[in-house]
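# Report on the structure
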Amino acid sequence: MTLAVLCQGVLERLDPRQPGRQLVALSGAPGSGKSTLSNPLAAALCAQGFPAEVVPMDGFHLDNRLLEPRGLLARKGAPETFDLEGFQRLCHALKHQERVIYPLFDRARDIAIAGAAEVGPECRVAIIEGNYLLFDAPGWRDLAAIWDVSIRLEVPMADLEARLVQRWLDHGLDHDAAVARAQGNDLANARAIEAARLPADLTWPQA
């Protein structure tokens, strides 16, 4: 599938007569390429007359000061380490409010930054990208009813592992630490996502 075909699939499912903003969920495991795909997809939708912006879910990571006393710091990125209720409020606001401010995650500093980005009234489509947008678990599964269009990124587990190890190498970890981080947390989350998949409107193969 090419980007043009994916964009056309999204356009066919959007309703140009619908008031307010429509939400496209771009869901996939860690390392599946959500960030890589989301901006070109937004640009393609803009070119077709649907002003679109990308809104990452990662701004709703719980801070390390909350994770550490709960024994969850090593599992950062797992479903229970996100502010799910805050994220749900954001999604509802994006549907119904013209101007919405939201947090962003700074991976280099490992912190979420409040009030770091804004979606304005000119945005008709918000592409929300995150790991658990199509996750069949309490609370998370309720998100599916919010999406106007849902996309799942499909990547073989071996490819995910290679990408995730490289991600941690790029962040300064040595090889053994990068492998341990990828296998001990990221791939565990990827397997959880694979085991609890909700249906998607569209899939995007990644080599």
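Now for a description of the structure that goes with this document.

### With respect to the sheet that holds strand β7 (residues 202-205)
Taken together, five strands build an open sheet; the order of strands is β2-β5-β1-β6-β7 and the sheet is parallel. If you trace the sheet from one side to the other, it starts and ends with β2 (52-56) and β7, each paired once. Here the strands of the sheet are splayed against their neighbours by 25 degrees on average, with no regard to which way each runs. Both strand β1 (residues 22-27) and strand β6 (residues 149-154) contribute to a ladder of four bridges, which runs parallel. Each bridged residue has a counterpart across the sheet, and for Ser27 the counterpart in β6 is Arg152.

### Some thoughts on the pattern of salt bridges
Going through the model one piece at a time under the given rule, you end up with eleven salt bridges. A salt bridge links Asp148 to Lys95; the shortest N-O distance between them is 2.9 Å. Remark: Lys95 occurs in helix α4 (residues 84-96) and Asp148 occurs in the loop between β5 (125-130) and β6; sequence separation between them is 53 residues. Residue classification places Lys95 among the buried positions, given a relative accessible area of 18%. In this structure, the salt-bridge partner of Arg197 is Glu194, at a minimum N-O distance of 3.2 Å. Connected through salt bridges with shared partners, the residues Arg152, Glu154, Glu194 and Arg197 form a single ionic network.

### Description of helix α1 (residues 3-13)
Among the residues making up α1, those that are buried are Leu6, Cys7, Gly9, Val10 and Leu11. Against the buried residues of α1 lie β1, α2 (34-47), β6 and β7.

### Points about the side chain of Ser27
Within the element layout of this structure, Ser27 appears in strand β1. The residues touching Ser27, leaving out its near neighbours within four places in the chain, are Lys34, Gly130, Asn131, Leu133, Leu134, Ile151, Arg152 and Leu153.

### Side note on the packing of α1 against α2
In helix packing, the relevant descriptors are the interaxial angle and the interaxial distance, both defined with respect to the helix axes. Orientation of α1 relative to α2, taken along the N-to-C sense of each, is 65 degrees, at an axis distance of 10 Å. The element α1 and its partner α2 pack so that their crossing is right-handed. Of α2, the residues touching α1 (which contributes Leu3, Leu6, Cys7, Val10 and Leu11) are Leu37, Pro40, Leu41, Ala44 and Leu45. Per-class residue counts for the contact of α1 with α2 are ten nonpolar, no polar and no charged.

### What to know about the nonpolar core
Within the largest apolar cluster, 42 residues are counted, with the highest numbers of intra-cluster contacts made by Phe87, Leu94, Ile128, Trp140 and Trp147. Looking at this core, the elements with two or more residues in it are β1, α4, β3 (100-106), β4 (111-119), β5, α5 (157-170) and α6 (175-195). Non-local contacts of Phe87, meaning those with residues more than four positions away in its chain, are made with Met57, Phe60, Ile128, Leu133, Leu143 and Trp147. In terms of nonpolar packing, the next biggest core, distinct from the first, is built from 22 residues, Val10, Ala42, Leu45 and Val125 among them.

### Quick look at the packing of aromatic side chains
Enumeration over the complete set of coordinates arrives at five aromatic pairs. Judged by centre distance (5.7 Å) and plane angle (65 degrees), the ring pair of Phe60 and Phe87 falls under edge-to-face. On the criterion of sequence distance, the pair formed by Phe60 in the loop between β2 and α3 (64-67) and Phe87 in helix α4 is long-range, its members being 27 residues apart. With respect to class, Phe60 is no different from Phe87; both count as buried. Taken together, a centroid distance of 5.4 Å and an interplanar angle of 50 degrees make the contact between Tyr132 and Trp140 tilted. Owing to a relative accessible area of 0%, Tyr132 belongs among the buried residues under this scheme. Connected via pairs of aromatic rings, a cluster forms that spans Phe82, Tyr132, Phe135 and Trp140. Across the ring face of Phe50, the terminal group of Arg124 is positioned such that the distance to the ring centre comes to 4.6 Å.

### Some remarks on the packing of α5 against α6
Interhelical geometry of α5 versus α6 gives an angle of 135 degrees and a closest axis separation of 8 Å. With respect to α6, the element α5 is oriented oblique. For the element pair α5 and α6, the recorded crossing hand is right-handed. Facing α5, whose interface residues are Met157, Leu160, Glu161, Leu164, Val165, Trp168 and Leu169, α6 presents His175, Ala178, Val179, Arg181, Ala182, Gln183, Asp186, Leu187, Ala190 and Arg191. Considering only residue class, the contact of α5 with α6 consists of eleven nonpolar, two polar and four charged.

Criteria and cut-off values
Residues numbered from 1 in each chain as written. Predicted model: local features only at pLDDT ≥ 70, side-chain atom pairs only at ≥ 80, totals over all residues. Heavy atoms only, no water. Pairing = 2+ DSSP bridges. Helix = DSSP H or I, 4+ residues; strand = E, 2+ residues; numbered from the N terminus. Axes fitted to C-alpha atoms, helices over the stretch in contact; angles between N-to-C directions. Salt bridge = Lys/Arg side-chain N within 4 Å of Asp/Glu carboxyl O. Buried < 20%, exposed > 50% of the residue type's maximum accessible area, 1.4 Å probe, protein only. Contact = heavy atoms within 4.5 Å. Left-handed = near helix turned anticlockwise from the far one by under 90°. Nonpolar A, V, L, I, M, F, W, Y, C, P; charged D, E, K, R; others polar. Core = buried A, V, L, I, M, F, W, Y, C linked by side-chain atoms within 4.5 Å. Phe/Tyr/Trp six-rings, centres within 6.5 Å; stacked < 30°, edge-to-face > 60°. Lys NZ or Arg CZ within 6 Å of the ring centre and 35° of its normal. Parallel < 35°, antiparallel > 145°, perpendicular 65-115°, else oblique.

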